[in-house]
Each structure stands twice: as structure tokens, then as C-alpha cells.
Amino acid sequence: MHQHNISTNFTVFESSDELSVIDKELLEKAIAVRETAYAPYSGFKVGASVLMQNSDVFTGTNQENAAYPSGICAERVAIWNAMSSLPDGKIKKIFISARSTKNLVDRPVAPCGSCRQAIAEYETKQLENIEIYFTGEIGNIIKANSIKDLLPWMFDNSML
Ligand code: THU
């Protein structure tokens, strides 16, 4: 029997002023689009922006449904928006921002497991890492350099 440990890396930014000009603009796009989220049931509004290798930017918001499981997260809306427009495109970065109509979200909101799996699919496909930035309404911004840092032991097509 062997005991092993997996450690992952991330960067903490205390404010968007610590980001590059381009990254700050991308975060601002995620924050702006967040307000258009359709989240009448949870009141939890999420916005995401995706930067492609060709510099195109796509956005997405969470879309809820009276049949709750039929709703979808902002990250997957943004990623699928990008990949359906640019099927051969490569995703460079995704920015995620969340706020609630019920309480102050003062911690970074990490993508859910299903969204991590969706990001993993495209990182695997494109053979280039995807940077993931996530934040709440206020507070720190976290950056992971790769989905591997958020989803160690990920399932991918090499297992099929
Ligand atoms: N949500 C996202 O859009 N992204 C996340 O990373 C976490 C959760 C949405 C789904 C649902 O509409 C609401 O937030 C509450 O879970």
C-alpha cells in the first residue's frame, strides 16, 4: 500500500487592479453579462466570458428553469456559445463572476463539477491549457492555469 498526495496550484489576486488590462476587461465583461442571468429561482447570478485564441470573446449566463435540473450554468453556456461559433477554435481563458440577490458573495465562486468536466473536454481536445479565473461579487480573484488544477484525476477520452 502506498499513500500519495496531489497538490494543485492557483494564484490569488486581491483586486482586479492586479490583473493585466486585457484580463481586467474580460472580468468586467463577465461581471456585466452576469446581470442578464436568468436566475429567478436561486437569485444566484453568474456571468462568464471566454477568450479565444483568435481574440474573439464569448459570454454566457446561467439559465434556470421551473424544472430545476433543466437549468444550465453560465460557464457551459459561454463555452458552448464559443465552441458552436468556432468549432475549431481554442479557448485561452474563462472568467467567472457570481453574485446573489439574497446575500453578499464575498468569496470566489469556483465552477461546479459539471462545468469543470466541460472545460476538461476542450482542454483535452485542444491540447493547450485553459486559464480559469473566478470570483464572487467582492473579494479575491482566483486563477488556475489549467483545469487539471481544479479537477485532478479527471476523466477524459484517453480512458474510452
Ligand atoms: N451556477 C453557475 O452558473 N455556475 C457555477 O459555477 C455555480 C452555479 C448557477 C446554477 C444555478 O442557476 C445557480 O447558479 C445556483 O446554483
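To be clear, the structure that these remarks concern was listed above.
How each quantity is defined
- Residues numbered from 1 in each chain as written.
- Predicted model: local features only at pLDDT ≥ 70, side-chain atom pairs only at ≥ 80, totals over all residues.
- Heavy atoms only, no water.
- Buried < 20%, exposed > 50% of the residue type's maximum accessible area, 1.4 Å probe, protein only.
- Helix = DSSP H or I, 4+ residues; strand = E, 2+ residues; numbered from the N terminus.
- Pairing = 2+ DSSP bridges.
- Right-handed = clockwise from strand over helix to strand, strands pointing away.
- Near = heavy atom within 4 Å.
- Polar contact = N/O pair within 3.5 Å; in protein donor to acceptor, adjacent residues only side chain to side chain.
- Areas by Shrake-Rupley, 256 points an atom, 1.4 Å probe, with all protein chains shown as cover.
- Salt bridge = Lys/Arg side-chain N within 4 Å of Asp/Glu carboxyl O.
- Expected span 1.5 Å × (residues − 1).
- Contact = heavy atoms within 4.5 Å.
- Axes fitted to C-alpha atoms, helices over the stretch in contact; angles between N-to-C directions.

Points about the pairing of strand β4 (residues 91-100)
Within β4, nine of the ten residues are buried, which leaves it mostly tucked inside the rest of the structure. In this sheet, β4 lies alongside strand β2 (residues 44-52) in antiparallel orientation, the contact comprising nine bridges. The residue bridging Val46 from the neighbouring strand is Ala98, located in β4. Where β4 meets strand β5 (residues 131-135), five bridges bridge the pair, whose relative direction is parallel. Along β5, the bridge assignment pairs Phe95 with Tyr133. Crossover β4 to β5 through helix α3 (residues 113-126) is right-handed.

Some points on the site of the ligand
Neighbouring the ligand are Ser42, Phe44, Val46, Asn62, Glu64, Cys73, Ala74, Glu75, Ala110, Pro111 and Cys112. One of the side-chain nitrogen or oxygen atoms of Glu64 is found 2.5 Å away from an oxygen atom of the ligand. Here an oxygen atom of the ligand sits 2.6 Å away from a polar atom, N or O, in the side chain of Glu75. Its free accessible area being 370 Å², the ligand has 75% of it covered by the protein chains. Residue assignment for the shell around the ligand shows that the elements contributing at least two residues are β2 and α2 (74-85).

Observations concerning the pattern of salt bridges
Under the counting rule described, the total for this entry stands at eight salt bridges. Its salt-bridge partner being Asp17, residue Lys24 comes within 2.8 Å of it at the nearest N-O pair. The exposure class of Lys24 is partly exposed, given its relative accessible area of 25%.

Remarks on unusual backbone geometry
Its identity is not glycine, yet Ser55 carries a phi of approximately 80°, on the positive side. One can find Ser55 in the loop between β2 and β3 (57-61). Of note, the phi angle at Leu127 is positive, near 60°, even though the residue is not glycine. Position of Leu127 among the secondary structure elements: in the loop between α3 and β5.

Here's the deal with α2
Compared with the 16 Å implied by 1.5 Å per residue over twelve residues, the 17 Å span of α2 between its first and last C-alpha is a close match. Turning to α2, its buried residues number three or more, namely Ala74, Glu75, Arg76, Ala78, Ile79, Ala82 and Met83. For α2, the elements touching its buried residues are β2, β3, β4 and α3.

So, the sheet that holds β5
With mixed pairing, six strands are arranged side by side in an open sheet as β1-β6-β5-β4-β2-β3. One side of each edge strand has no neighbouring strand; the edge strands of this open sheet are β1 (11-13) and β3. Strand-to-strand, the axes of this sheet are offset by a mean angle of 15°, without reference to chain direction. Here helix α1 (residues 21-34) sits on the sheet in contact with β2, β3, β4, β5 and β6 (141-144), set at roughly 45° to β4.

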